[in-house]
2 protein chains.
Amino acid sequence: MSELPVYRATIDAQWIDYNGHLRDAYYGLVASYAVDEVMDHLGIDAAYRERTHCTLYTLELHLHYLHEVKRSDDLEITTRILDFDRKRMHVGCRFGCSRVVGPVATAEMMLLHVHQGEKPASAPFPDDVMLKLEALQKYSASLEPFGPGSRKIELQRR
Amino acid sequence: MSELPVYRATIDAQWIDYNGHLRDAYYGLVASYAVDEVMDHLGIDAAYRERTHCTLYTLELHLHYLHEVKRSDDLEITTRILDFDRKRMHVGCRFGCSRVVGPVATAEMMLLHVHQGEKPASAPFPDDVMLKLEALQKYSASLEPFGPGSRKIELQRR
């Protein structure tokens, strides 16, 4: 329980754009599916959502595109818990592809635990989820540094 | 030529997730389609890509999710040129929805002008595109400030 499962994506033909490579937004979709698996792993799965009316909402997403990904490529997403508090988790995704050395993309997400009632409201994680997050963050911190990480997008003039 | 066209998105039923709202990644897809229209407006369209083998690649994407968007909602994306240099443009997208006051999401993107040869390589914008970018940035700067803007994703402890 100290490691998160690897998510393997199959690239759909419709995800390829006029540039002949994976359209930018579909990296986000793959990351979104990878986070669904993280939720299952944490126990924030369909049964939990049904029982508690609690789920995760994405607050922010930041993607770095490092290499083109083609229709014929495989994609393997490894996920880390970079940080968390009582209601939020900060997740990092590394996109690997067997054709390329190093990541082809990285993503960071901030996710909020939400109770979906009349009006959605933030809610603390249950204790067992907190314990899992703690173990996963400890494991993540033992790995090589994550990056490129989120930053302010801007043109830096040289 | 000082204003960019508004992009109106139709929300596909398949874009709704188990939380009953637009899945995070599809905001990115809508922004990606909005940028396609910006490219057309700048003259970086299908004919240009065919003629010059030049196109735009996304380097970074950062999204802020501010409100839930439902299946029945409309979405209207307005785009600005926040900044540019000889090869890169920094774009901001504001997601509006008639049900909600204020933006339901914002996105920023850094895009690179690329020549697609044997190996893709960055290339300067043609002069007429530079002139259009200049006029569009000037117009964008005259509008109310854009935000929330890109920043480092992190948990700030209170």
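Structure shown above.
Residues numbered from 1 in each chain as written. Chains lettered and ligands numbered in written order. Predicted model: local features only at pLDDT ≥ 70, side-chain atom pairs only at ≥ 80, totals over all residues. Heavy atoms only, no water.

(A) A look at the overall build of chain A. Of regular secondary structure, chain A possesses 3 helices and 6 strands. Here the C-alpha radius of gyration of chain A, 17 Å, is about what a compact globule of 158 residues would show, namely 15 Å. With the C-alpha coordinates aligned to their principal axes, the bounding extent of chain A is approximately 45 × 35 × 35 Å. Considering chain A as a whole, with its 158 residues, one finds that 52% of them fall into the buried category. Within chain A, contacts between residues separated by at least 24 positions form 69% of all contacts whose residues are at least 6 apart in sequence. Roughly 7,500 Å² of accessible area belongs to chain A as shown, and the carbon and sulfur atoms make up 50% of that amount. Between the averaged position of the 19 positive side-chain charges in chain A and that of its 23 negative side-chain charges there is a distance of 5 Å. (Helix = DSSP H or I, 4+ residues; strand = E, 2+ residues; numbered from the N terminus. Rg over C-alpha atoms; globule rule 2.2 N^0.38 Å. Buried < 20%, exposed > 50% of the residue type's maximum accessible area, 1.4 Å probe, protein only. Contact = heavy atoms within 4.5 Å. Areas by Shrake-Rupley, 256 points an atom, 1.4 Å probe, with all protein chains shown as cover. Lys, Arg positive; Asp, Glu negative; His and termini not counted. Charge placed at Lys NZ, Arg CZ, Asp CG, Glu CD.)

(B) Inspection of the packing of helix H1 (residues 24–42) of chain A against helix H1 (residues 24–42) of chain B at higher detail. Contact geometry for H1 of chain A and H1 of chain B: axes closest at 8 Å, N-to-C directions at 180°. Classified by the angle their axes make, H1 of chain A and H1 of chain B are roughly antiparallel. Residues Asp24, Ala25, Tyr26, Gly28, Leu29, Ser32 and Tyr33 of chain A of H1 of chain A form the contact with H1 of chain B, whose own contacting residues are Asp24, Ala25, Tyr26, Gly28, Leu29, Ser32 and Tyr33 of chain B. A class-by-class count of the residues in the contact of H1 of chain A with H1 of chain B yields 8 nonpolar, 4 polar and 2 charged. (Axes fitted to C-alpha atoms, helices over the stretch in contact; angles between N-to-C directions. Parallel < 35°, antiparallel > 145°, perpendicular 65-115°, else oblique. Nonpolar A, V, L, I, M, F, W, Y, C, P; charged D, E, K, R; others polar.)

(C) A look at the interface of chain B and chain A. On the side of chain A, 45 residues touch chain B, which itself brings 45 residues to the contact. Of the roughly 4,100 Å² buried where chain B meets chain A, counting both sides, 47% is carbon and sulfur surface. For the chain B face of the interface with chain A, the top three residues by lost area are Glu60, Ile153 and Leu155 of chain B, together amounting to 19%. Seen at the junction of chain B and chain A, the total is 5 salt bridges. The residue Arg23 of chain B makes a salt bridge to Asp36 of chain A at a minimum N-O spacing of 3.0 Å. Viewed at the interface, chain A and chain B are joined by 33 residue pairs in polar contact (both at pLDDT 80 or more). Listing elements by their share of the side of chain B that touches chain A, those giving two or more residues are H1, strand S2 (54–65), strand S3 (75–84), strand S4 (88–96) and strand S5 (105–115) of chain B. Looking at the side of chain B that touches chain A, the element that brings in the most residues is S2 of chain B, giving 11 residues. (Buried area = accessible area lost by both parts, 1.4 Å probe. Salt bridge = Lys/Arg side-chain N within 4 Å of Asp/Glu carboxyl O. Polar contact = N/O pair within 3.5 Å; in protein donor to acceptor, adjacent residues only side chain to side chain.)

(D) Molecular detail of helix H3 (residues 127–141) of chain A. In a regular helix each residue adds 1.5 Å, so 15 residues correspond to 21 Å; H3 of chain A covers 21 Å between its end C-alpha atoms and thus fits that length. Buried residues belonging to H3 of chain A abut H1, strand S3 (75–84) and strand S4 (88–96) of chain A. (Expected span 1.5 Å × (residues − 1).)

(E) How the structure looks around the environment of Ile153 of chain A. One can find Ile153 of chain A in the segment after H3. Taking C-alpha positions, Ile153 of chain A is 9.6 Å from His62 of chain A, a pair spaced 91 residues apart along the chain. Beyond its immediate sequence surroundings of up to four residues, Ile153 of chain A is in contact with His62 of chain A together with Glu60, Leu61, His62, His90, Glu108, Met110 and Ser150 of chain B.

(F) Local environment of the relation of the copies chain B and chain A. Once chain B has been moved 0.0 Å along the axis and rotated by 180°, it coincides with chain A to within an RMSD of 0.0 Å. What the rotation and shift describe, once combined, is the action of a two-fold rotation axis. Minimal C-alpha distance to the rotation axis in chain B is attained by His62 of chain B, lying at 2.1 Å. Same-surface contact between copies: 100% of interface residues of chain B are shared with the interface of chain A. (Least-squares fit on C-alpha atoms with pLDDT ≥ 70 in both.)

(G) Highlighting the pairing of S4 of chain B. Residues and elements named next belong to chain B. In terms of residue burial, S4 counts as a mostly covered element, since 8 of its 9 residues are buried. Examined bridge by bridge, S3 and S4 share 8 bridges and lie antiparallel to one another. Bridging from a neighbouring strand, Arg80 pairs with Gly92 of S4. Relative to S5, S4 runs antiparallel, the two being bridged by 8 bridges. The partner of Gly92 across the bridge, within S5, is Glu108. (Pairing = 2+ DSSP bridges.)

(H) Quick look at the nonpolar core. Counting residues in each nonpolar core, the largest one holds 92 residues, and the members touching the most others are Leu75, Met89 and Phe95 of chain A together with Leu75, Met89 and Phe95 of chain B. Apart from the residues lying within four places of it in its own chain, the contact partners of Leu75 of chain B are Tyr7, Arg8, Ala9, Ile11, Leu22, Val30, Val69, Phe95, Gly96 and Val104 of chain B. (Core = buried A, V, L, I, M, F, W, Y, C linked by side-chain atoms within 4.5 Å.)

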